[in-house]
Amino acid sequence: MLKIEFLGSGNAAGVPVWGCDCSACKAAQSDPSKRRRGASLAIHTDEGVTLVDAGLTDLAERFSFDSVKRILLTHFHMDHVQGLFHLRWSEQQRSIPVFRPDDPLGADDLYKHPGVFEFQPPFKAFDSVEWPGFRVVALPLIHSRETFGYLISNDCYCMAYLTDTAGLPPDTLSYLQRYPVDDLVLDCSEPPRESMPRNHNDLNAAFDLWRQSGASRLWLTHISHRLDCWLEHSAATLPEGVYIARDGMLFEIERGVETDNDT
């Protein structure tokens, strides 16, 4: 059994943005299904849960201590790690391994006072590790801090989860082109722009990377209220095979690729 749950699909500000009265934020205020929290995943297997990023602050309410087997961090920006700060003080005896890119600074005092978290030696580019039910490969991304995406796969399915990137390094794109990637989940914070954003993709860049990668489907994540507004008001339609990620989506790999209600 392999299930991949989208805990969040938004950028650092989320949707709705505090104090904003744009149409996307107004819709999210009244309709919980349109809200976006920080981009992150939970990988469910028979063994338990592997979290990909820990930016949400209600992880203790979502997951029992015993169910969480490990945490994969894409990078150490606060919106991807802030959930660790209060969880670390658990009085459980078992430690939870945390896998990460090579960022000597980390975030605040997490390295100095990790509590129940055991930070593992940092991944190097294209390191591969296998756990019960799936394997991951660390894929270098382009961001303002050392950042990895992850190729998540088993014998019948492959997802590339690439959040917080502006374009892709040539080696990462070449790596993806050598694999039959079913679902490319890609950072797309911004609507189409004339110039490339500094730390994240716009829609034009996301489409271009998808086509170059050869992946079967593209899912947009790390979405801002600006992109949600553009999607609402633009007359343009998304190409076939392109979808918008939503908080709570669940991919059930045993039966192919399915989501709960937001395909």
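For the structure, see preceding data.
*Asks:* Hey, could you run me through the pairing of strand β9 (residues 148-154) in this one?
*Replies:* Where a strand is regular, its side chains alternate between the two sheet faces. The buried fraction of β9 is high, at seven of seven residues. Side chains Phe148, Tyr150, Ile152 and Asn154 of β9 all project onto a buried face; the interleaved residues Gly149, Leu151 and Ser153 project onto the opposite face, where all are buried too. For strand β8 (residues 134-140) and β9, the ladder comprises six bridges, and the chain directions are antiparallel. Along β9, the bridge assignment pairs Ala138 with Tyr150. Bridge analysis of β9 against strand β10 (residues 157-162) gives five bridges, and the strand direction is antiparallel. In the sheet register, Ser153 faces β10, and the bridge partner there is Cys158. Taking the residues between adjacent antiparallel strands as the criterion, β9 and β10 are bridged by two residues.

*Asks:* When you look at helix α5 (residues 170-177) in this model, what are you seeing that I'm missing?
*Replies:* Residues lying three or four places apart along an α-helix face the same way, a consequence of the helix completing one turn every 3.6 residues. For α5, the complete set of buried residues consists of Thr172, Leu173, Tyr175 and Leu176. The arc that holds every buried residue of α5, seen down its axis, measures 160 degrees, which confines them to one face. Within α5, the exposed residues directed more than 90 degrees away from the buried face are Pro170 and Asp171. Residues of α5 that are buried sit in contact with β8, β9, β10 and α6 (203-213).

*Asks:* So what exactly am I meant to see when it comes to the pairing of strand β11 (residues 183-187) here?
*Replies:* Within β11, five of the five residues are buried, which leaves the element mostly enclosed by the surrounding structure. Note that β10 and β11 share four bridges and pair parallel. Note on β11: the bridge partner recorded for Tyr161 is Val185. At this point the chain moves from β10, through α5, to the parallel β11, and the crossover so formed is right-handed. In terms of handedness, the path from β11 via α6 over to strand β12 (residues 217-221) forms a crossover that is right-handed.

*Asks:* For this particular structure, what's the right way to read the packing of aromatic side chains?
*Replies:* The description of an aromatic ring pair uses the distance of the two centres, along with the angle that the planes make with each other. The final tally for this structure, using the stated rule, is 12 aromatic pairs. Relative to Phe251, the ring of Phe6 lies with its centre 5.5 Å away and its plane at 40 degrees, an arrangement referred to as tilted. Here Phe6, found in strand β1 (residues 2-8), pairs with Phe251, found in strand β14 (residues 250-252); they are 245 residues apart in sequence, far enough to count as distant. Per residue, the accessibility class of Phe6 equals that of Phe251, and both read buried. Ring plane angle 20 degrees and centroid distance 4.8 Å describe the contact between Tyr175 and Tyr179, whose orientation is recorded as stacked. Residue classification places Tyr175 among the buried residues on the basis of a relative accessible area of 12%.

Rules of the game
- Residues numbered from 1 in each chain as written.
- Predicted model: local features only at pLDDT ≥ 70, side-chain atom pairs only at ≥ 80, totals over all residues.
- Heavy atoms only, no water.
- Buried < 20%, exposed > 50% of the residue type's maximum accessible area, 1.4 Å probe, protein only.
- Helix = DSSP H or I, 4+ residues; strand = E, 2+ residues; numbered from the N terminus.
- Pairing = 2+ DSSP bridges.
- Arc of directions from axis to C-beta.
- Contact = heavy atoms within 4.5 Å.
- Right-handed = clockwise from strand over helix to strand, strands pointing away.
- Phe/Tyr/Trp six-rings, centres within 6.5 Å; stacked < 30°, edge-to-face > 60°.

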